Amino acid sequence: MTYRLSVQRMILGRRLKDFFAATAFARQRPAEVFPVVVYRHNSLIRRKLGNVDLHLQENKAVSLGIAAPLVNSVVLQPGETFSFWQLVGSCTKAKGYREGLVINHGRPDSGIGGGLCQFTNLLHWMVLHSELTVVEHHHHGDLDLFPDFNRQIPFGSGTSIIYNYLDYRVRNDTDQAYQFLVSTTDEHLCGELRAERAQDVKFHIREEDAYFHESGGNVYRHNKVVRLTRDKRTGLVTSTEQIIENNALVAYDRALINAPILEAPPSSQRDQTREPVSAQVDS
């Protein structure tokens, strides 16, 4: 009872905050489709996630199929904010949502609407390839819960959402409108981010400094996710931005790691081979 009251307090708090902030949320969903594809990506719905019950994957497919039309074709006008929960609303059995995978206190669990973070993962990955501004993003890279299975994007670049106080929000600070197109097939959650005209720059997301290492009897996964901005006219990289750095505790059997496990982070190994600090002081 105490937990439920706490959750309801958080939900009410977010509603009040949004009401008094008077944020202009994206809600228009015109029938026409914007002409320019900024980025498209398909995300595999059913993935092998350790020992997670496969029926949770099937339930996730149902929940994604319910949520996708609620976001599909929404237009984000200049000055507006996209809010996932403002469009999708609460996930209940009455609406047809089923129990799917959720993370509860660092462990896999089940809950109504579980698995919808895959939806915001897709949206976030597309947004990172655009000039839109991410204004709310909750990271869940402290734990590496499942071994890699057909991974398409860098580890730790996803999102975490809980209705409605952990949201995924994007603001349009540009001078043109953008549009999200999302749908589901039997196998994939499909997404396109479109715009009225082509962007002047192109973005590339890559993983750097990726490795597994041991510390205190545990294995950790480290990487950095970096975004490069390239001018389309000149082809030159105009900026490099580190989006996130992860050092996540591996929560599955190390035998499932398909990479070397270092005895220590590379930086620590380099430090051990350096000359004493006193010998490096400038004369």
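Structure first, text after, so check above.
The model shown is predicted, which means the values in this text are computed figures rather than measured ones.

Points about the pairing of strand β13 (residues 237–250)
Where strand β7 (residues 143–144) lies against β13, 2 bridges are found, and the strand directions are parallel. Counterpart to Asp144 in the pairing with β13 is Val250. The pairing of strand β12 (residues 218–231) with β13 spans 11 bridges and is classified as antiparallel. If you follow His222 over to β13, its bridge partner there is Asn247. Hairpin geometry of β12 and β13 is characterised by an intervening segment of 5 residues between the two adjacent antiparallel strands and by a positive phi of about 80° at Gly235.

Thoughts on a nonpolar patch on the surface
On the surface, Leu12, Leu16, Phe19 and Phe20 cluster together into a nonpolar patch covering about 490 Å² of accessible area. With respect to the element layout, Leu16 can be found in helix α1 (residues 2–21). With a relative accessible area of 43%, Leu16 lands in the partly exposed category.

Section: the pattern of salt bridges
Taken as a whole and assessed by the stated rule, the structure comprises 15 salt bridges. Of the charged contacts in the structure, one is a salt bridge between Arg171 and Asp173, with a shortest N-O distance of 2.8 Å. Assessed through its relative accessible area of 47%, Asp173 is described here as partly exposed. In this structure, the salt-bridge partner of Glu208 is Arg206, at a minimum N-O distance of 2.8 Å.

Observations regarding the sheet that holds strand β11 (residues 201–215)
Reading across the sheet, the 5 strands line up as β7-β13-β12-β11-β14 and stay open at both edges, with mixed pairing between neighbours. Each edge of the sheet is formed by a strand with only one pairing partner; in this case those strands are β7 and β14 (261–262).

Things to note about the side chain of Asp167
In this fold, Asp167 is placed in the loop between β7 and β8 (169–171). Residue classification places Asp167 among the buried positions, given a relative accessible area of 1%. Sequence-distant contacts of Asp167, defined by excluding residues within four places in its chain, comprise Arg14, Ser83, Phe84, Trp85, Glu136, His137, His138 and Ile161.

Comments concerning α1
Its 20 residues place the ends of α1 28 Å apart at the C-alpha level, agreeing with the 28 Å of an ideal helix rising 1.5 Å per residue. Taken together, the buried residues of α1 touch α3 (84–88), β6 (133–136) and β8. Phi turns positive, to about 55°, at Ala22, one or two residues after α1.

Concerning the environment of Gln176
Along the chain, Gln176 falls in the loop between β8 and β9 (178–184). Using a relative accessible area of 4% as the deciding quantity, one classes Gln176 as buried. Considered as a pair, Gln176 and Gln199 are 23 residues apart in the sequence and their alpha carbons are 9.7 Å apart. Once residues within four sequence positions are removed from consideration, Gln176 is found in contact with Leu76, Pro78, Ala195, Glu196, Arg197 and Gln199. Among the polar contacts made by the side chain of Gln176, one reaches the main-chain amide nitrogen of Arg197 at a distance of 2.9 Å.

Brief notes about the environment of Val37
Within the secondary structure, Val37 is located in strand β1 (residues 36–44). Given a relative accessible area of 31%, Val37 falls into the partly exposed group. Linking Val37 and Asn218, residues 181 residues apart in sequence, is a C-alpha distance of 43 Å.

Regarding the sheet that holds strand β3 (residues 81–83)
Here 3 strands make up an open sheet; going across it, the order is β3-β8-β6 and the pairing antiparallel. Looking along the sheet, the strands with just one partner apiece sit at the ends: β3 and β6. This sheet shows a mean twist of 30° between the axes of neighbouring strands, independent of strand direction. Across 3 bridges, β6 lies against β8 in antiparallel orientation. Paired with Thr133 across the bridge in β8 is Arg171.

The rules behind these values
- For every chain, the first residue of the written sequence is number 1, and numbering continues from 1 along that sequence.
- Only residues with pLDDT of at least 70 are given local features in this predicted model, and only at 80 or more are side-chain atom pairs given and counted; all residues enter the totals for whole chains, interfaces and linings.
- In computing side-chain values, all of the structure's heavy atoms are included and hydrogens and water are not.
- Two strands qualify as a pair provided that DSSP identifies no fewer than 2 bridges between them.
- Put simply, DSSP H or I for four residues or longer makes a helix, DSSP E for two residues or longer makes a strand, and each gets a number counted from the N terminus.
- Note that patches include only residues with greater than 30% relative accessible area and no salt bridge, and the join distances are 9 Å for like charges and 5 Å for nonpolar side chains (Val, Leu, Ile, Met, Phe, Trp, Tyr).
- The accessible surface values rely on the Shrake-Rupley method and a 1.4 Å probe; as for residues, cover is taken only from the protein chains in view.
- We define a salt bridge as a contact between a side-chain nitrogen of Lys or Arg and a carboxyl oxygen of Asp or Glu at a distance within 4 Å.
- Throughout this description, buried means an accessible area under 20% of the type-specific maximum (1.4 Å probe, protein chains only), exposed means over 50%, and partly exposed covers the range between.
- In what follows, a contact means two residues having at least one pair of non-hydrogen atoms within 4.5 Å.
- Residue count minus one, scaled by 1.5 Å, sets the expected span of a helix.
- Any pair of N or O atoms that falls within 3.5 Å is considered a polar contact. Within protein, one atom must be able to donate a hydrogen and the other to accept it, and sequence-neighbouring residues count only if both atoms are side-chain atoms.
- Only the contacting stretch of a helix is used when fitting its axis, a line to C-alpha atoms as for every element, and angles between N-to-C directions run 0 to 180 degrees.

Without other data, these values stay purely geometric and don't point to any function.
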